[in-house]
Amino acid sequence: MTLLQQSPGLRGQRQRLVKPELLAPAGSLEKLKFAVHYGADAVYIGGQKYGLRSNADNFSIEQMREGVEFASRYGAKVFVATNIFAHQEDLPGIADYLRELDSAGIAAIITADPAIVETAQKVAPRLEVHLSTQQSTMNWQAVQFWKEEGLPRVVLARETTMDEIREMKSRVDIELEVFIHGAMCSSVSGRCVLSNHFTDRDSNRGGCCQSCRWKYDLHADNRSVADPGQNLFTMSSKDLCMIHHLPELIQAGVDSFKIEGRMKSVHYVASVVNAYRQAIDAYFEDPEGYLLRPEWVEEIGKAANRPLNTGFFYGTPGATEHIYEPEEKPAPYDFAAVVTDYDESAGIATVQQRSPFRPGMEVEFIGPGGRCFKQTLGDLTDAQGQPLSVARHPLQTVKIHTVQPVSPLDLMRKRTD
Ligand code: SF4
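Residues numbered from 1 in each chain as written. Predicted model: local features only at pLDDT ≥ 70, side-chain atom pairs only at ≥ 80, totals over all residues. Heavy atoms only, no water.

As recorded by an unreviewed UniProt entry, the protein carries the name U32 family peptidase and is attributed to Cohnella pontilimi.

Right under this line is the structure:
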């Protein structure tokens, strides 16, 4: 979808704005389905080789086929991260793997290593090659270089500023993908070896154990300098959140809005995608009258409770943009169940349990497009119609009367307090 609009940030030039792609993480087939159902235009996943999230529930080729088939029903695409920096020993087999991705219907790979770029271009020319953020691209000349190498898209470093993005778009005709939400590295992204040194897990081959978020005592001259009773120290960055700045990102010409978090929960992925989907669509329905709605911001805050900031978009984060205290508060809501069926005539939802709930508990149902209502749970029954005093078993089938209609893949959540 396109529209013409006077862009206040572009010195009076008339700018053609293209609706950006909303690109969501999918650490498993289930998360892929939720991400697409809640509004992602594309998802990125990891295969069982060559990715940077070795702890995610990575996809087999068969699962990729199923994911592609599901996504295509919504007109969405599936990208595969093949973004390790490959040692020599990693490369045998890459050509066959890329051919398999191609045959599974994957739309693009995300890669940083020129050896993988070149191999993909030779053996699977239908696959788009997107340059990974691991290449730390932050200037238009580098973007131009990758365009000349035949790449249609560059995923910019998280350290790129808004002004740099504007300059890239004004000088190079190429798609730019930008992280708009999620975790940040406390070092320059992709240039950290804390995990390698502390645990022998290579952060550039998928093994980062987030050592920056551990609790540290501080020592100087062989003694602790932490005040007694004070919190231990962490080096964790605040998370990125650009929901307040979407019009500026759109006017800067960003082609793809990327959400970080292949290790995050179904609830997190659904909530964050749901919020950004509504905001992007609202902007393109009425750019002049667009206003950020508080419920979109609240929705993001219901699934995670880490402090947020705007990362590097408006300059290098300072000392206040780190989290020094180790205590992280839990998210205010917890995923309780997913709706699998709804009997409209009886007003009864069949749900699959994801964490315990019981009659009398206040819960909230959410669905795509901002559908949301609260209710107090009445009687619960199991699949055979037997009454339940508590739904305690993971994946248990439970029947619930809902005060409003619900649909399959709607989520039921409960307050964590
Ligand atoms: S340890 Fe922290 S800063 Fe280093 S790569 Fe992992 S997440 Fe990033």
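Resuming the write-up.
Caption draft 1: Main features of the overall build of the protein. In terms of helices and strands, the protein carries 10 helices and 24 strands. Relative to the compact-globule value of 22 Å for 417 residues, the protein shows a C-alpha radius of gyration of 23 Å, a close match. For the protein, the spread of C-alpha atoms along the three principal axes comes to 65 × 60 × 50 Å. A buried classification covers 51% of the 417 residues belonging to the protein. Look at the contacts in the protein between residues 6 or more apart in sequence, and 66% of them connect residues 24 or more apart. A total of about 19200 Å² of accessible surface is found on the protein, and carbon and sulfur atoms cover 49% of it. One way to put it: in the protein the 44 positive side-chain charges average out to a point 1 Å from where the 54 negative ones average out. (Helix = DSSP H or I, 4+ residues; strand = E, 2+ residues; numbered from the N terminus. Rg over C-alpha atoms; globule rule 2.2 N^0.38 Å. Buried < 20%, exposed > 50% of the residue type's maximum accessible area, 1.4 Å probe, protein only. Contact = heavy atoms within 4.5 Å. Areas by Shrake-Rupley, 256 points an atom, 1.4 Å probe, with all protein chains shown as cover. Lys, Arg positive; Asp, Glu negative; His and termini not counted. Charge placed at Lys NZ, Arg CZ, Asp CG, Glu CD.)

Caption draft 2: Quick look at the domain arrangement of the protein. Parsing the protein into structural domains produces domain 1 (2-189 + 236-323) and domain 2 (333-415). For domain 1 versus domain 2, the distance between C-alpha centres works out to 32 Å. Contact residues are listed per partner, giving 14 residues for domain 1 and 16 residues for domain 2. Of the roughly 1200 Å² buried between domain 1 and domain 2 on both sides combined, carbon and sulfur atoms contribute 57%. Contact with domain 2 buries surface across domain 1, with Tyr-38, His-267 and Lys-302 losing the most and accounting together for 44% of the total. Linking domain 1 to domain 2 there are 3 salt bridges. Salt-bridge contacts for Arg-413 lead to Glu-299; the nearest nitrogen and oxygen are separated by 2.9 Å. Taken together, the links from domain 1 to domain 2 amount to 12 residue pairs in polar contact (both at pLDDT 80 or more). Listing elements by their share of the side of domain 1 that touches domain 2, those giving two or more residues are helix H1 (29-37), helix H9 (266-285) and helix H10 (294-303). Looking at the side of domain 1 that touches domain 2 element by element, the count peaks at 6 residues for H9. (Domains from an automatic or database assignment. Buried area = accessible area lost by both parts, 1.4 Å probe. Salt bridge = Lys/Arg side-chain N within 4 Å of Asp/Glu carboxyl O. Polar contact = N/O pair within 3.5 Å; in protein donor to acceptor, adjacent residues only side chain to side chain.)

Caption draft 3: Structural view of the UniProt feature "domain: Peptidase family U32 C-terminal" (unreviewed entry) in the protein. Under the local residue numbering, the UniProt record ascribes the feature "domain: Peptidase family U32 C-terminal" (unreviewed entry) to residues 333-413. Across residues 333-413 one finds 0% helix and 52% strand; the C-alpha atoms that close the span lie 6 Å apart. (UniProt positions renumbered as here; feature names shortened; annotations may be inferred.)

Caption draft 4: Region of interest: the site of the ligand. Inspection of the region around the ligand gives Cys-185, Ser-186, Ser-187, Cys-192, Cys-208, Gln-210, Ser-211 and Cys-212 as its neighbouring residues. Its residues placed into classes, the shell around the ligand shows 4 nonpolar, 4 polar and no charged. (Near = heavy atom within 4 Å. Nonpolar A, V, L, I, M, F, W, Y, C, P; charged D, E, K, R; others polar.)

Caption draft 5: Representation of the packing of H1 against H9. Packing of H1 against H9 brings their axes to within 8 Å, and their N-to-C directions diverge by 20°. The angle between the axes of H1 and H9 places the two elements in the roughly parallel class. The hand of the H1/H9 crossing is right-handed. Two secondary-structure elements touch here, H1 through Glu-30, Lys-31, Phe-34 and Ala-35 and H9 through Val-266, Val-269 and Val-273. Residue composition of the contact of H1 with H9, grouped by class: 5 nonpolar, no polar and 2 charged. (Axes fitted to C-alpha atoms, helices over the stretch in contact; angles between N-to-C directions. Parallel < 35°, antiparallel > 145°, perpendicular 65-115°, else oblique. Left-handed = near helix turned anticlockwise from the far one by under 90°.)

Caption draft 6: Representation of the nonpolar core within the structure. Core analysis: the biggest nonpolar cluster contains 95 residues, and Val-43, Met-64, Leu-101 and Tyr-276 have the highest contact counts within it. A per-element tally of this core places H9 first, with 12 residues. No fewer than three residues from each of domain 1 (2-189 + 236-323) and domain 2 (333-415) sit in this core. Beyond its immediate sequence surroundings of up to four residues, Met-64 is in contact with Ile-45, Gly-47, Phe-59, Val-80, Tyr-97, Leu-101, Ala-104 and Ile-106. Residues Phe-373, Leu-377, Ala-391 and Val-406 belong to the second largest nonpolar core, which totals 18 residues. (Core = buried A, V, L, I, M, F, W, Y, C linked by side-chain atoms within 4.5 Å.)

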